[in-house]
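Each chain, letter by letter, is given below.
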Amino acid sequence: MAAVRTEWGAARRLVVKVGSSLLTDPRTGTLNRAWLTSLVEDVAALKAEAREIILVSSGAIALGRKALGLPSGPLRLEENQAAASVGQIALAHAYEEAFKACGLVAAQILLTLGDTEQRRRYLNARSTMETLLGVGAVPVVNENDTVATTEIRYGDNDRLAARVASMMSADCLVLLSDVDGLYTGVPGSDGGAELIGEIKNITPEIEAMAGDTGTELSRGGMVTKIEAARIAVAAGTHMVIASGRHENPLARLGQGAPCSWFLAATNPAASRKRWIAGALEPRGAVVIDDGAAAALKGGKSLLPAGVSAVEGTFERGDAIIIRDGSGAELGRGLSAYSHRDAQTIAGHKSREISELLGYRGRDELIHRDDMALKLSAGRDE
Ligand code: GLU
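Cut-offs and rules
Residues numbered from 1 in each chain as written. Predicted model: local features only at pLDDT ≥ 70, side-chain atom pairs only at ≥ 80, totals over all residues. Heavy atoms only, no water. Helix = DSSP H or I, 4+ residues; strand = E, 2+ residues; numbered from the N terminus. Contact = heavy atoms within 4.5 Å. Areas by Shrake-Rupley, 256 points an atom, 1.4 Å probe, with all protein chains shown as cover. Buried < 20%, exposed > 50% of the residue type's maximum accessible area, 1.4 Å probe, protein only. Pairing = 2+ DSSP bridges. Near = heavy atom within 4 Å. Polar contact = N/O pair within 3.5 Å; in protein donor to acceptor, adjacent residues only side chain to side chain. Nonpolar A, V, L, I, M, F, W, Y, C, P; charged D, E, K, R; others polar. Core = buried A, V, L, I, M, F, W, Y, C linked by side-chain atoms within 4.5 Å.

## What about the overall build of the chain?
Alright, step 1. When you go through the chain residue by residue, the secondary structure sums to 15 helices and 13 strands.
Alright, step 2. Sequence-distant contacts in the chain: of pairs separated by 6 or more residues, those separated by 24 or more amount to 72%.
Alright, step 3. Accessible surface computed for the chain: about 16,800 Å², of which carbon and sulfur atoms make up 50%.

Written out as structure tokens, the structure reads:
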């Protein structure tokens, strides 16, 4: 066992991806219950250290195909979807029971590609998961295989997990796999193949080492893990590939088990702010009063009460510019309301929102996590 990395100890929010080949017995297609229990115990132990854990779990197709008695070998898309609809029930039930035994509540979240790609749905999925984490539940995520079609699939849970990690600004993404990391060559067949412990840049050499090691049940070989690493590190999330072949895989990782770390050069908050400030086309603007401007500079969210005017045509989740009374840009952020709703609630107290709009939305027009202020405004992070 090697020394435990500081990235592991420092990670407050973790996304853990579990592959089908770990959860199910490849010969019988049945659930590996003892292993699942040990994983859930590890999650409970991490939660006891005040860490937040989101699981991304495969296994629905593997379990469903066994239950439906489908033949081995590649299945057609609709057979996979039928299998997933059966297997997902068993999977969710297994997690519910295992977490209950540890005094925890599991929550099932099934995502389709648009949920992390379209900002409005992204905000919804993000706030639902934030809410679940806030009340101490453990979100268990899978792709909504039953409705996803070929063109709109993540296709593999490595990438899904990376999108979830980026959406949730996770500090660390753990891919539990049947290998313990990235090797310089094919492990076993090449005597000189060595495990790479730390990857700071995903170079063409690193990509070449990935080869393709996908198995029948999981589409994710090393290639999709490298793609996941790209998504994660761009979002400021460190990623680690570790073996899940033994029980208590997260405890083992915490004790320094061999693994490969892909290190992010930035952190999730900074990378999210860069994305908001630079990558999105603003659709409108809000003009705010001096009190609100001072609150923003002090790190607070933008409340409707501080907004004096709303400009442009934007939907919930769109990027908008925040201006002061003189028209100067103070920063940008993702609006929690459309321009129509923003106009209605501008200048009003947050507690009046539900009466004005007929639904209870967020208290903030732009939450501070969804905001990037200009450096000249005194505060960028
Ligand atoms: N979503 C699929 C399932 O639950 C697995 C996809 C993958 O293993 O990458 O069976």
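Still more to cover.
## Digging into the pairing of strand β11 (residues 319–323)
Alright, step 1. With 4 of its 5 residues buried, β11 lies for the most part within the structure.
Alright, step 2. Of the pairings in the sheet, the one linking β11 to strand β12 (residues 329–334) comprises 5 bridges and is antiparallel in character. The residue of β12 that forms the bridge with I320 is G333.
Alright, step 3. Two successive antiparallel strands, β11 and β12, enclose a turn made up of 5 residues, where G327 displays a positive phi of approximately 95 degrees.

## Overview of the site of the ligand
Alright, step 1. Close contacts around the ligand come from 11 residues, with A60, I61, N142, D145 and N157 the closest.
Alright, step 2. The backbone of I61 places a nitrogen or oxygen atom 2.8 Å from an oxygen atom of the ligand.
Alright, step 3. A distance of 2.7 Å is found between an oxygen atom of the ligand and a side-chain nitrogen or oxygen belonging to N142.
Alright, step 4. Within the complex, the protein chains bury 99% of what would otherwise be the 300 Å² of accessible surface of the ligand.
Alright, step 5. Of the residues in the shell around the ligand, the class split is 2 nonpolar, 6 polar and 3 charged.

## Focus on the nonpolar core
Alright, step 1. In terms of nonpolar packing, the biggest core is built from 47 residues, with V164 and F262 touching the most fellow members.
Alright, step 2. Where this core is concerned, the elements lending two or more residues are β2 (52–57), β3 (106–111), α7 (119–134), α8 (157–167), β5 (172–177), α9 (204–210), α10 (222–234) and β7 (238–243).
Alright, step 3. At 7 residues, the largest contribution of residues to this core is made by α10.
Alright, step 4. Excluding anything up to four places from it in sequence, F262 contacts L182, I199, I202, I206, I226, A229, V233, H238, M239 and I241.
Alright, step 5. Ranked by size, the runner-up nonpolar core spans 40 residues in total, among them A60, L91, A94 and V174.

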